[in-house]
Amino acid sequence: MATANLYPLKFTPILVERIWGGTALARYGKPIPPGKRIGESWEISDRDKEQSVVANGTLKGQTLRQVITQWGDRLLGSNCRGTSRFPLLIKMLDARERLSLQVHPPAALAPQLHGEPKTEMWYVLQAEPDAHLIAGLRRGVTRQQFEQAIAQGGAAFQKCFHRFPIHAGESLFVPSGRLHAIDAGLVIVEIQQNSDTTYRVYDWDRGRELQVRESLASIDFNDFEPPTTPLPISCEHFRVEKLTVAGSTAGNCDGSSFHIFAGLTGTLSVNGESLARGEFLLLPAALGIYTITGNGSALRTDVPYN
């Protein structure tokens, strides 16, 4: 296919039920089925069992993996050369209840734990007045104290982790190894490595399976009370910035990386493709110069050179 046929891609969201989910994603245009508690909307996914399907243009109906097979580096870019699958997984989360206290394995440990490493970031779209996040340990808590507190549970355990207020418009970087949980009353955009490995260390007595051994092996016990992370956020896996547009501005997919847009406020258009709040666009790396018009804001994500 010629490069001239490249265009911004939209995908049909993949809705995932979670016991902590709800119906808040309907406010962002997601088709929530009646009676379902939808916790996650997978917006751009290249997982074996969760394949995003193109919803617009000449490639409508094809999976993301099929598009990668067809376009290769013209979609992914030279920064992803040698990658056989899409390197990121993009989601929206609706936490009506608190998620489990969890951790993702670092790259050095993931193979022996039979998992995949996952570094991620969160951007808070919506927050109830008393919304909180959990990230890292309380200052001075040791691994021994943490293990003892797991067995005790209750108030003793809650003194071990760092819980803090969070507001709409704030963001947090969550590297592999960071203990974390999303509290109730939040809608979040999550940008992460293409991984689905999560180890639960505590689940607030909901009875789900825990992975305490794997969690203890993965947790960074020197990670104390991390602050929120202002945008832009950059790491070896992704770069995320916030754009505010009033009228028109230009961007450039110069061949090095795809760009992903996540609509935050207002209504924007990228090369004629609309981008409303809660919508996502994937711009192929070889698209070249593009134009963003309208009045609103969006997250823009790409992959840096490593």
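Further up the page is the structure itself.
These lines cover the structure that appears in this document, whether it is placed above or below. Keep in mind the model is a prediction, meaning the values are calculated, not measured.

Structurally, Arg-98 is set in the loop between β5 (88-95) and β6 (101-103). Here Asp-183 takes part through its side chain, which lies 2.4 Å from a polar atom of the side chain of Arg-98. Those residues in contact with Arg-98 that sit more than four places away from it in its chain are Trp-20, Ile-134, Gln-158, Arg-163, Ile-182, Asp-183, Ala-184, Trp-204 and Arg-206.

All right, on to the sheet that holds strand β7 (residues 120-127) then. Read across the sheet, 6 strands follow the order β2-β3-β5-β12-β7-β10 without closing on themselves; strand pairing throughout is antiparallel. Each edge of the open sheet carries a strand with a single partner, namely β2 (14-22) and β10 (171-174). Between one strand axis and the next, the sheet turns through 25° on average, direction left out of account. Across 7 bridges, the pairing between β7 and strand β12 (residues 186-193) is antiparallel.

Tallied over the entire structure, the rule returns 10 aromatic pairs. For the pair Tyr-7 and Trp-71, a centre-to-centre distance of 6.4 Å together with 90° between the ring planes defines the contact as edge-to-face. Taken together, the residues Tyr-7 in the segment before β1 (11-12) and Trp-71 in helix α1 (residues 64-71) connect sequence positions 64 residues apart. Take Trp-71: its relative accessible area is 2%, and that puts it in the buried class. Ring geometry for Phe-146 versus Phe-221: centroids 5.7 Å apart, planes at 70°, classification edge-to-face. Within this pair, whereas Phe-146 is found in helix α3 (residues 143-152), its partner Phe-221 is found in the loop between α5 (212-218) and β14 (233-234), the two being separated by 75 residues in sequence. Judged by relative accessible area, which is 0%, Phe-146 ranks as buried.

Within α1, burial applies to Leu-64, Val-67, Ile-68 and Trp-71. What you see down the axis of α1 is that its buried residues fit within an arc of 100°, all on one side. Buried residues in α1 make contact with β1, β3 (38-44), β4 (53-54), α2 (73-76) and β18 (280-283). The positive-phi residue at the C-terminal boundary of α1 is Gly-72, with phi of around 55°.

Next up on the list: α3. Those residues of α3 lying buried are Phe-146, Ala-149 and Ile-150. The buried residues of α3 occupy an angular sector of 105° when the element is viewed end-on, so they sit on one face. In α3, the exposed residues that point more than 90 degrees away from the buried face are Gln-144, Ala-151 and Gln-152. Looking at the buried residues of α3, the elements they touch are β8 (132-137), α4 (154-158), β13 (199-202) and α5. One or two steps after α3, the chain reaches Gly-153, where phi turns positive at roughly 70°.

Rules of the game
- Residues numbered from 1 in each chain as written.
- Predicted model: local features only at pLDDT ≥ 70, side-chain atom pairs only at ≥ 80, totals over all residues.
- Heavy atoms only, no water.
- Helix = DSSP H or I, 4+ residues; strand = E, 2+ residues; numbered from the N terminus.
- Polar contact = N/O pair within 3.5 Å; in protein donor to acceptor, adjacent residues only side chain to side chain.
- Contact = heavy atoms within 4.5 Å.
- Pairing = 2+ DSSP bridges.
- Axes fitted to C-alpha atoms, helices over the stretch in contact; angles between N-to-C directions.
- Phe/Tyr/Trp six-rings, centres within 6.5 Å; stacked < 30°, edge-to-face > 60°.
- Buried < 20%, exposed > 50% of the residue type's maximum accessible area, 1.4 Å probe, protein only.
- Arc of directions from axis to C-beta.

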